[in-house]
Amino acid sequence: MKKEKEKIVNVTSPVSGEDSDDKQSSSFPSVRFSSRNGSSKYDFVKVKVWLGDNADHYYVLSRFLLSRMLTVTKIPNHVAIKIALELKKLLIDNSLLDVSQSDLEANLFKLMERRGYGEEYINRYKMMTRFHHQRVPLVILVCGTACVGKSTIATLLAQRLNLPNVLQTDMVYELLRTSTDAPLASTPVWARDFSSSEELITEFCRECRVVRKGLAGDLKKAMKDGKPIIIEGIHLDPSIYLVDDENKSPSGVHSENKVINPASVTVDDSATIQEKNIHEGSSDENNGGSKILSSNEGVSTDQVDSVSNSMASMGLIESISEHKVCLVGASLRELETDKPAISKAKSGPKPIIVPIVLKMAEFDHKALLEEWITSRTFNDKCPDLDNEKLVANLKTIQDYLCSFTSQGLTVVNVSATTFPQTLDWLHGYLLQCIEQGIKENVTQVVAA
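Here we summarise the structure given alongside this text.

Reading the values: rules and limits
- Residues numbered from 1 in each chain as written.
- Predicted model: local features only at pLDDT ≥ 70, side-chain atom pairs only at ≥ 80, totals over all residues.
- Heavy atoms only, no water.
- Salt bridge = Lys/Arg side-chain N within 4 Å of Asp/Glu carboxyl O.
- Helix = DSSP H or I, 4+ residues; strand = E, 2+ residues; numbered from the N terminus.
- Buried < 20%, exposed > 50% of the residue type's maximum accessible area, 1.4 Å probe, protein only.
- Pairing = 2+ DSSP bridges.
- Polar contact = N/O pair within 3.5 Å; in protein donor to acceptor, adjacent residues only side chain to side chain.
- Axes fitted to C-alpha atoms, helices over the stretch in contact; angles between N-to-C directions.
- Contact = heavy atoms within 4.5 Å.
- Phe/Tyr/Trp six-rings, centres within 6.5 Å; stacked < 30°, edge-to-face > 60°.
- Expected span 1.5 Å × (residues − 1).
- Parallel < 35°, antiparallel > 145°, perpendicular 65-115°, else oblique.
- Nonpolar A, V, L, I, M, F, W, Y, C, P; charged D, E, K, R; others polar.

1. What about the pattern of salt bridges?
Where charged atoms from two side chains of opposite charge approach closely, those side chains can pair.
Here is step 1: Counting across every chain of the model gives 14 salt bridges.
Here is step 2: In this structure, the salt-bridge partner of arginine 115 is glutamate 86, at a minimum N-O distance of 2.5 Å. In this pair, arginine 115 sits in the loop between helix H3 (101–114) and helix H4 (119–134) while glutamate 86 sits in helix H2 (residues 77–93), placing the two residues 29 residues apart along the sequence.
Here is step 3: Accessibility expressed as a relative area gives 3% for glutamate 86, which makes it buried.
Here is step 4: Between lysine 395 and aspartate 399 there is a salt bridge, with the nearest N and O atoms lying 3.0 Å from each other. Within this pair, lysine 395 and its partner aspartate 399 are both found in helix H15 (residues 387–401), separated by four residues, close to a single helical turn.
Here is step 5: For lysine 395, a relative accessible area of 34% puts it in the partly exposed group.

Here's what the structure looks like:
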């Protein structure tokens, strides 16, 4: 295909959707589609978007995928759907069935500006386009104890950022426990009786390292293929993921001490979060129809046994602070033998690893836990539990997870009354992490 001159159409007025089509093109029959399935007559016409300097290959424009891309920039979903339909209508009505990527984006940006989504949103769109083209590995870790909303937030973030893979450590734990000889108990670590908090943390970290081996296949695939993944669950020990094995330093995107209350911070210079009253009635037991993936790729009995043996030979000592130092050293040794899974690949872009710990106020958390503990499912699994002891165990684990803020870990306070604001802040924060990660990769390429 020969390269054509620019095809940028003057946009006279925004189109609100199928119902606003007062005039229909003579090339289409007068057919009305049900609004229930969100289809449009324009979906039956293919628009080819040509790529490359010589326009030697193309893809077919999908307004569904385009609208998903727009929601990543923080444009509301219903507005993104309308903009995507407006763009396709604009191109088809002007007989632009073959356009270049640059012409497509020029028309798209005009439509975005007419709806009030200007430079800030356009820059986010361009940044995410570069992110996908460069295939930068992205691993988002959502840590926290039971009933703080890990599954809910991970699923909603995946929808907002258009990320297809959400992996639960609970499923990996159960897979390892039932399918291998991994030294894992059926009773959760926080539902067992320990003589001291140090003993609890030691056992918790041991289990986290076993689960880390179970995640090796998914992490290697994410690093190799540049596919983003969100991992959520209680079995995520920050000491394993915060260390860069080449620089011997935290690998988090932001290294300053961070404890965030999203209800009282600004996501960016132009938007201040304000509180609203809502109710969050879900816990980690309810996934809200999320797409949950799990895999035993890269997991073997020998691997799990070797982790168990190495942990037994570590000589973990009894104070939490000393225990953390020992774990970081062990993490370095493990990462030295497993570089492709978490460190930057020699031949590819440096991965972006964003660990986040969700924390809830003690009163709210205790109320949710007590409601969950009384549920039949939990009682069948752990019938003889001291509720106060269980809450105390979870508090100990939460304090341990939150103790890594000085190493780049971000702790986010979750509240039932500010849940939408928390989600919105996390959306903006992750976009900032992706942007900084892309800049670091550009600097790395220039330096090389």
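2. Thoughts on the pairing of strand E2 (residues 57–60)
Here is step 1: Of the pairings in the sheet, the one linking strand E1 (residues 48–51) to E2 comprises four bridges and is antiparallel in character. Residue pairing across strands places tryptophan 50 opposite tyrosine 58, the latter belonging to E2.
Here is step 2: Hairpin connection, E1 to E2: the antiparallel pair is bridged by five residues, and glycine 52 has positive phi, about 90 degrees.

3. A few points about the side chain of serine 151
Here is step 1: Mapped onto the elements of the fold, serine 151 is located in helix H5 (residues 150–161).
Here is step 2: Overall, the relative accessible area of 2% leaves serine 151 in the buried class.
Here is step 3: Of note is the side chain of serine 151, whose polar atom sits 3.3 Å from the side chain of glutamine 168.

4. A look at the sheet that holds strand E3 (residues 98–100)
Here is step 1: The strand order E2-E1-E3 describes an open sheet built from three strands, whose pairing is mixed. For this open sheet the edge positions go to E2 and E3, each flanked by a neighbour on one side alone. Within this sheet the neighbouring strands show an average axis-to-axis angle of 35 degrees, counted without direction.
Here is step 2: Packed onto the sheet, H3 meets E1, E2 and E3 and runs at close to 85 degrees relative to E3.

5. A word on the packing of aromatic side chains
Here is step 1: By the definition in use, this model includes six aromatic pairs.
Here is step 2: Measuring from ring centre to ring centre gives 5.7 Å for phenylalanine 109 and tyrosine 125, while their planes differ by 80 degrees; the resulting arrangement is edge-to-face. One end of the pair, phenylalanine 109, is in helix H3; the other, tyrosine 125, is in helix H4, with 16 residues separating them in the sequence.
Here is step 3: Look at phenylalanine 109 and you get buried, because its relative accessible area is 11%.
Here is step 4: Here tyrosine 400 and phenylalanine 404 contribute two aromatic rings whose centre-to-centre distance is 5.2 Å and whose plane-to-plane angle is 90 degrees, an arrangement assigned as edge-to-face.
Here is step 5: When its relative accessible area of 1% is taken as the criterion, tyrosine 400 is described as buried.

6. Remarks on the side chain of serine 67
Here is step 1: Within the secondary structure, serine 67 is located in helix H1 (residues 63–72).
Here is step 2: When its relative accessible area of 4% is taken as the criterion, serine 67 is described as buried.
Here is step 3: When near neighbours in sequence (up to four residues on either side) are disregarded, serine 67 contacts Ala80, Ile81 and Ala84.

7. Examining the environment of proline 76
Here is step 1: As for its placement among the helices and strands, proline 76 is situated in the loop between H1 and H2.
Here is step 2: Between the C-alpha atom of proline 76 and that of arginine 160, which follows or precedes it by 84 residues, the distance is 9.5 Å.

8. Brief notes about unusual backbone geometry
Here is step 1: Look at arginine 135: it is not a glycine, yet its phi comes out positive at around 55 degrees.
Here is step 2: Within the secondary structure layout, arginine 135 lies in the loop between H4 and strand E4 (138–143).
Here is step 3: Despite not being glycine, asparagine 162 shows a phi value in the positive range, around 60 degrees.
Here is step 4: Along the polypeptide, asparagine 162 turns up in the loop between H5 and strand E5 (166–168).

9. Observations regarding H4
Here is step 1: Between its terminal C-alpha atoms H4 stretches 22 Å, which fits the 22 Å expected from 16 residues at 1.5 Å a residue.
Here is step 2: Among the residues of H4, Tyr121, Ile122, Arg124, Tyr125, Met127, Met128, Thr129 and Phe131 are the ones counted as buried.
Here is step 3: Trailing H4 by a residue or two, arginine 135 shows a phi angle of about 55 degrees, which is positive.

10. Side note on the packing of helix H6 (residues 169–179) against helix H7 (residues 197–214)
Here is step 1: With their axes 9 Å apart at the nearest point, H6 and H7 run at an angle of 90 degrees to one another. The angle between H6 and H7 falls in the class roughly perpendicular. Residues Thr169, Val172, Tyr173 and Leu176 of H6 form the contact with H7, whose own contacting residues are Glu207, Val210, Val211 and Gly214.
Here is step 2: The residue inventory of the contact of H6 with H7, partitioned by class, reads five nonpolar, two polar and one charged.

11. A word on the environment of lysine 88
Here is step 1: Along the chain, lysine 88 falls in helix H2.
Here is step 2: Residue lysine 88 is classed as buried on the basis of its relative accessible area of 4%.
Here is step 3: Between the C-alpha atoms of lysine 88 and arginine 63, which are 25 residues apart in sequence, the distance is 7.2 Å.
Here is step 4: Excluding residues within four positions of it along the chain, lysine 88 makes contact with Tyr42, Asp43, Val45, Val47 and Leu61.
Here is step 5: A polar contact of 3.3 Å, which involves the side chain of lysine 88, links it to the backbone oxygen of tyrosine 42.

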